[in-house]
Amino acid sequence: YYITNNLRKMLPQPVGITHHGNMMVSEFALASIVYFLVVLGFVFPPPEFYGIGLTVESMFRSMLGDEAMHFTEYHMRLTSARLLMHCWVIPNYYLCSAIIFEVVELNLTYLLLSSSPLILACIVSFYWYSGGSWKNHPLAKTLAAHASHSRDWVNVSDALATEFRRVDKFVHGKTWGKVVVTDNWIIRCGLYVINVAYQPDVHMSIQSTTEHINPETRLTTQFININVSSVNAASSDFRIRLNSTDYNDLCNKVSGTILNVRNVVFHETLTEKFEEAFKEEVTQNGLFQTDREREECIGCLYALSDVKISKLCDEASVGDCKHCLCRPMWCMRCMAKWFANRQDQNSPDKWLSGKAPCPTCRSKFCLRDVQFIAS
């Protein structure tokens, strides 16, 4: 109501409307629009809502506990809290309509009718909680499907939480739809459902890709939809969605192979495109002659060093670039990634004309100062 009242003061007053009832109706219409926009953001929170704390996670932080320490219990509480809070918006809208704007009559029958989703959510949450054990929660039943004869779902939950605390896990996303891959588990965190699959039991296949254009940078982002199916009949199949730039990290974490039977084509990442442009520019700078035996690249630790930084763009005492005395220790790909990471990430069109410090001695250089080493 406070937001609506301030918006009404900022807008020009309609001519000819003097009746109090008509004014209340117009305020109610504006308030309804604002209310449902806020509710939409509350249910599917954008980053701005997380920034101001207008999310279930922020409002009930003290009750939810620590996700890192108690992963399963945290998400059981979170899904229950989301269900209750999302169902509360309906009776809350009716009460505001009847008490604040007085556009409808406060009626017990209508109140009970509007509260029926909330009442049902309370019953479901109480059933999930079942005396504090959470044994009836869908996540508990999912974990029970992966328990052996000598273990129950609590033992599986402890094993999953232990792996989640490790720093080498793969995590994509921060809100609902978050994907977590540990050594043995693949997890997708939905609004009300947490999907869990045991890695040795799953088959993963790429289903499709979607593209979105960022209106600010005009860059296209490609998202991959991957189907996760389990040979365990008690485990439901689910689909994960992630940025194509994170696909290689996912492949490195899963134990099996992700099938691409539909021959889905991945777009090159911005870094990969820059690597090609970097290589083309460096090729034009000639070759660096040396008798020194090439060493292993200290960036990736598997390719041989094949580039050398030497000031070629101008005279030795002219410009910001400096002569680098370091011996060749980097491969072209790692040098290109280093150079790209030191540029303005919001202006990729200026990367080729940019400058960066040497990874070792910090002497500034540009693309014209990089040469391939003669074989």
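Residues numbered from 1 in each chain as written. Predicted model: local features only at pLDDT ≥ 70, side-chain atom pairs only at ≥ 80, totals over all residues. Heavy atoms only, no water.

Colleague: Any chance you could explain the overall build of the protein chain here in plain terms?
Modeller: Check the secondary structure of the protein chain and you find 12 helices and 13 strands. For the protein chain, the spread of C-alpha atoms along the principal axes amounts to about 90 × 75 × 40 Å. Counting every position in the protein chain, which comprises 375 residues, the buried fraction comes to 41%. Sequence-distant contacts in the protein chain: of pairs separated by 6 or more residues, those separated by 24 or more amount to 55%. (Helix = DSSP H or I, 4+ residues; strand = E, 2+ residues; numbered from the N terminus. Buried < 20%, exposed > 50% of the residue type's maximum accessible area, 1.4 Å probe, protein only. Contact = heavy atoms within 4.5 Å.)

Colleague: Just checking my understanding: could you explain the nonpolar core for this structure?
Modeller: Nonpolar side chains tend toward joint burial in soluble globular proteins. In terms of nonpolar packing, the biggest core is built from 24 residues, with Phe-274, Phe-278, Met-335, Phe-339 and Phe-365 touching the most fellow members. For this core, the secondary-structure elements that each account for two or more residues are helix H11 (270-283), strand S10 (307-309), helix H12 (332-341) and strand S13 (370-373). Examining the composition of this core, we find that 6 residues originate from one element, H12, more than from any other. Not counting the four nearest positions on each side in its chain, Phe-278 is found in contact with Met-332, Met-335, Ala-336, Phe-339, Leu-367 and Val-370. (Core = buried A, V, L, I, M, F, W, Y, C linked by side-chain atoms within 4.5 Å.)

Colleague: How should the sheet that holds strand S9 (residues 287-288) be read in this particular structure?
Modeller: In a beta sheet, neighbouring strands pair by backbone hydrogen bonds and run either parallel or antiparallel. Reading across from one edge, S9-S13-S10 is the order of the 3 strands in this open sheet, with mixed pairing throughout. Edge strands, defined here as strands with exactly one partner in the open sheet, are S9 and S10. Inspection of the sheet shows S10 paired to S13 by 3 bridges, in the antiparallel sense. Bridge assignment links Val-307 to a residue of S13, and that residue is Phe-372. (Pairing = 2+ DSSP bridges.)

Colleague: In this structure, what is going on with the packing of helix H6 (residues 71-100) against helix H7 (residues 108-129)? I would like to understand it.
Modeller: Running from N to C, H6 and H7 cross one another at 170°; their axes reach a closest spacing of 8 Å. By the angle between their directions, the pair H6 and H7 is classed as roughly antiparallel. On H7, the residues touching Thr-79, Ser-80, Leu-83, Leu-84, Cys-87, Trp-88, Ile-90, Pro-91, Tyr-94 and Leu-95 of H6 are Tyr-110, Leu-111, Ser-114, Ser-115, Pro-117, Leu-118, Ala-121, Cys-122, Val-124, Ser-125 and Trp-128. Residue composition of the contact of H6 with H7, grouped by class: 16 nonpolar, 5 polar and no charged. (Axes fitted to C-alpha atoms, helices over the stretch in contact; angles between N-to-C directions. Parallel < 35°, antiparallel > 145°, perpendicular 65-115°, else oblique. Nonpolar A, V, L, I, M, F, W, Y, C, P; charged D, E, K, R; others polar.)

Colleague: Can you help me understand unusual backbone geometry in this one?
Modeller: The general pattern is negative phi for most residues beyond glycine and trans for most peptide bonds. A positive phi angle is found at Asn-263, which is not glycine, with a value near 55°. Backbone geometry places Leu-301, a non-glycine residue, at a positive phi of 70°. When you line up the elements, Leu-301 lands in the loop between S9 and S10. Relative accessible area serves as the criterion here: at 53%, Leu-301 is assigned to the exposed category.

Colleague: Is there a simple way to explain the pairing of strand S2 (residues 178-181) in this structure?
Modeller: Across a regular strand the side chains alternate sides, sitting on one face of the sheet and then on the other. On S2, burial covers both faces: Lys-178 and Val-180 on one face and Val-179 and Val-181 on the other are all buried. Taken together, the 3 bridges between strand S1 (residues 170-172) and S2 define a ladder with antiparallel strand orientation. Its bridge partner being in S2, Phe-170 is matched across the sheet by Val-181. Once S1 ends, the chain turns through 5 residues before running back antiparallel as S2, passing Gly-173 with a positive phi of about 90°. Across 4 bridges, S2 lies against strand S3 (residues 185-189) in antiparallel orientation. The residue bridging Val-180 from the neighbouring strand is Ile-187, located in S3.

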